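Chain by chain, the residues:
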Amino acid sequence: MAELKSTDVVLDVTEYDRDDGDVIVKCPHCQRILGLQSGPFKGGQFQHRVCGGWLGVSHDARRVKFFESE
Ligand SMILES: [Zn+2]
């Protein structure tokens, strides 16, 4: 079986939220929250600097609430 670093695999992200106007997603590799660079993000690929994992935001990603606000 070929050895492929798991962080090299681009995992799909289907949910996002906004925090002060910034798009945030959950890293599918390490489950931490990361902010994406501004601009179009759907369909884009990003690398999480903390874990080095790659993720691709789905074209039909939907907004969810990551944090419950009372
Ligand atoms: Zn990560």
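Our subject is the structure that appears above.
As a starting point, this report considers the structure included with it.

How each quantity is defined
- Residues numbered from 1 in each chain as written.
- Predicted model: local features only at pLDDT ≥ 70, side-chain atom pairs only at ≥ 80, totals over all residues.
- Helix = DSSP H or I, 4+ residues; strand = E, 2+ residues; numbered from the N terminus.
- Contact = placed C-beta atoms within 7 Å.
- Core = buried A, V, L, I, M, F, W, Y, C linked by C-beta atoms within 7 Å.
- Buried ≥ 20, exposed ≤ 12 C-beta atoms within 10 Å, placed from the backbone.
- Pairing = 2+ DSSP bridges.
- Axes fitted to C-alpha atoms, helices over the stretch in contact; angles between N-to-C directions.

A word on the environment of His59
Piece 1. Residue placement: His59 occurs in strand S5 (residues 54-63).
Piece 2. For the pair formed by His59 and Phe41, sequence separation is 18 residues and the distance between their alpha carbons is 8.6 Å.
Piece 3. Excluding residues within four positions of it along the chain, His59 makes contact with Lys42 and Gly43.

Thoughts on the nonpolar core
Piece 1. Listed in full, the eight residues of the largest apolar core are Val13, Val23, Val25, Cys27, Leu34, Phe46, Leu55 and Val57.
Piece 2. The set of elements that each furnish at least two residues to this core consists of strand S2 (22-26) and S5.
Piece 3. Each residue touching Val13, except ones within four places of it in the same chain, is listed here: Val25, Pro28, Leu55, Gly56, Val57, Ser58 and Ala61.

Some thoughts on the sheet that holds strand S1 (residues 11-19)
Piece 1. If you trace the five strands from one edge of the open sheet to the other, you get S3-S2-S1-S5-S4, paired in mixed fashion. The sheet is open, and its two borders are formed by strand S3 (33-35) and strand S4 (45-47), each paired with just one other strand. Strand-to-strand, the axes of this sheet are offset by a mean angle of 45 degrees, without reference to chain direction.
Piece 2. Of the pairings in the sheet, the one linking S4 to S5 comprises three bridges and is antiparallel in character. Looking across to S5, one finds that Phe46 is bridged to Leu55.

Observations concerning the pairing of S5
Piece 1. Relative to S5, S1 runs parallel, the two sharing five bridges. Along S5, the bridge assignment pairs Asp12 with Gly56.

Considerations on unusual backbone geometry
Piece 1. Unusually for a residue other than glycine, Asp20 sits at a positive phi of about 55 degrees.
Piece 2. Inspection of the secondary structure assignment puts Asp20 in the loop between S1 and S2.
Piece 3. Residue Asp20 is classed as exposed on the basis of its C-beta count, with 6 C-beta atoms lying within 10 Å.
Piece 4. Positive phi values are uncommon outside glycine, yet Gln31 reaches one of about 70 degrees.
Piece 5. Among the residues examined, Gln31 registers 8 C-beta atoms within 10 Å and is labelled exposed.

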